[in-house]
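Chain and residue survey
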Amino acid sequence: MSGEIPYLKSPDQAAFRDHMETKVAQWIRPWDGHEELLAGIVGVPLSKSSISHSGASTTPAAVRAAFKSFTTYSMEYGVDLQDLAVRDLGDIQMHVTDIAECHRRIEESLRALYKEQPNLIPIIVGGDHSTSCPSLKAFADRHPGQKVGIIHFDAHHDVRNFEDGGVTNGTPFRGILESGVVHGPDIVQIGIRGFMNAKPYHDYVKNKGVHVYTSRDVRRMGIDAVLDEAIELAGKNTDVLYVSFDVDVIDQAYAPGCPAIGTGGMNPWDAMDALHRLGALPKVQGLDFVCIDPTVDLRNVTSRLAVQFMLSFLAGVAARPV
C-alpha cells in the first residue's frame, strides 16, 4: 500500500541514498547460510564475565549500527571492498546466567561454523575478553597438527589468577597458556601499559616466554618496527596466526567507550596500519575485537573506531595474493 503513496517509503528505504556510493551496511549483508565466504562477522554478546561494569554485550549491535556511517572505499589503502564475499553471520546466543555455558556455546558454535566454512576468516565481535579463550580453542581445533601463534593488542596482560574471581575478562590468556592451546613463546602482546597491571602478572607472562611490547615501546620504536618483530616472533615456529584486539589498547582520548580506559595508549592510525598489514598476511586466519561498552560511549565513537579497524584489516585481506 505504501508504494501507492507519494514519497512514503519503508524504514529501510527512507534514508538518503547516493547511487554512486556503497555503504558498509549495504555491503555486509546477512549470510544466506550457503554462500562461500572470504570472511564473516560473528557477534558474541557476552559481558557477564567482566570484572568491572560493562555493557559489552551490546557491542555487536552498536558495531552493526555504525556500518551505515562508512563506505567500502579507502583511498589510503587503494581498495574498494564491496566485491569481497564478507557477510554478517549473526550472534552466538548466550545463556542468561551461566558463564561457563556461554563459553561452551562459543566454542561449539565456532567449531561447527569452521566445519561448514573451512576457508572463512572469522571476525569475532565481542563481548568481553573472556570470549577469546573459547574462540582460540575452536580456532586451534580447526587447524589439527598445526601450531597457532597469537598477536595480542591490549593494555593488560589478561592473566589474572582464577582463585579470586574465576574465569573473567581478565583471565583469557591465563586460560590459553594453562590449557596448552598456544605456548608462551608463540604469543606477542602489544600495547601493554604501566600502572594498569600487577608485577606478578608481568612476571608470569615473562616466565611463560610471552613477548611483551609496551605502549611506550610502540611510541619510541614506531609501530612498523614493533610489528616487524611481532610477526617474526609469533610466526617463526607457527603455522597460523590469530589476532586478538582489545580496544582499550587505544588511548582513552580516542576510545572513551571501553570499560578499562586509560591514558598513554596507542593512537588509532598505528592500530589501523598494524591491522591492515596483518590482514595482508595469509598466515593470519582469525581476528577478534573485544571490550567496548557502548552504554558509556560518546556518539558511538568507539564502536565506529572498531569498524574502521575491521575495514583496515579487510583492506589488507583484499591485498593478499590470489
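Above this note sits the structure.
What comes next is a walk through the structure.

Rules of the game
- Residues numbered from 1 in each chain as written.
- Predicted model: local features only at pLDDT ≥ 70, side-chain atom pairs only at ≥ 80, totals over all residues.
- Heavy atoms only, no water.
- Buried < 20%, exposed > 50% of the residue type's maximum accessible area, 1.4 Å probe, protein only.
- Helix = DSSP H or I, 4+ residues; strand = E, 2+ residues; numbered from the N terminus.
- Arc of directions from axis to C-beta.
- Contact = heavy atoms within 4.5 Å.
- Axes fitted to C-alpha atoms, helices over the stretch in contact; angles between N-to-C directions.
- Left-handed = near helix turned anticlockwise from the far one by under 90°.
- Pairing = 2+ DSSP bridges.
- Right-handed = clockwise from strand over helix to strand, strands pointing away.
- Phe/Tyr/Trp six-rings, centres within 6.5 Å; stacked < 30°, edge-to-face > 60°.
- Lys NZ or Arg CZ within 6 Å of the ring centre and 35° of its normal.

1. Details of helix H6 (residues 199-207)
Among all positions in H6, only Tyr201, Tyr204 and Val205 are buried. Angularly, the buried residues of H6 cover 90° about the axis, an arc narrow enough to put them on a single face. In this structure, H6 carries Lys199, Pro200 and Asn207 as exposed residues pointing more than 90 degrees from its buried face. Elements that come into contact with the buried residues of H6 comprise helix H5 (172-179), strand E7 (187-192) and strand E8 (211-214). Positioned one or two residues after H6, glycine 209 has a phi angle of 90°, which is positive.

2. Details of the packing of helix H9 (residues 268-279) against helix H10 (residues 301-318)
Orientation of H9 relative to H10, taken along the N-to-C sense of each, is 35°, at an axis distance of 6 Å. The handedness of the crossing between H9 and H10 is right-handed. On H10, the residues that touch Pro268, Ala271, Met272, Leu275, His276, Leu278 and Gly279 of H9 are Leu305, Gln308, Phe309, Ser312, Phe313, Ala315, Gly316 and Val317.

3. Observations regarding the pairing of E8
Where E7 lies against E8, 4 bridges are found, and the strand directions are parallel. By the bridge assignment, glutamine 189 is partnered in E8 with valine 212. Crossover E7 to E8 through H6 is right-handed.

4. Regarding the packing of aromatic side chains
Evaluation of the coordinates by the stated rule reveals 5 aromatic pairs. Taking the centre distance of 5.1 Å and the plane angle of 65° together, the rings of phenylalanine 139 and tyrosine 242 count as edge-to-face. Here phenylalanine 139, found in helix H4 (residues 132-141), pairs with tyrosine 242, found in strand E9 (residues 240-246); they are 103 residues apart in sequence, far enough to count as distant. The same class applies to phenylalanine 139 and to tyrosine 242, which are both buried. Of the aromatic side chains, those joined through ring pairs into one cluster are Phe153, Phe245, Phe289 and Phe309. In this arrangement the basic side chain of arginine 142 is found over the ring face of tyrosine 114, its NZ or CZ atom lying 4.3 Å from the centre. The side chain of arginine 174 reaches across the aromatic face of tyrosine 204, ending 3.8 Å from its centre.

Everything listed here is a matter of geometry and, on its own, says nothing about what the molecule does.
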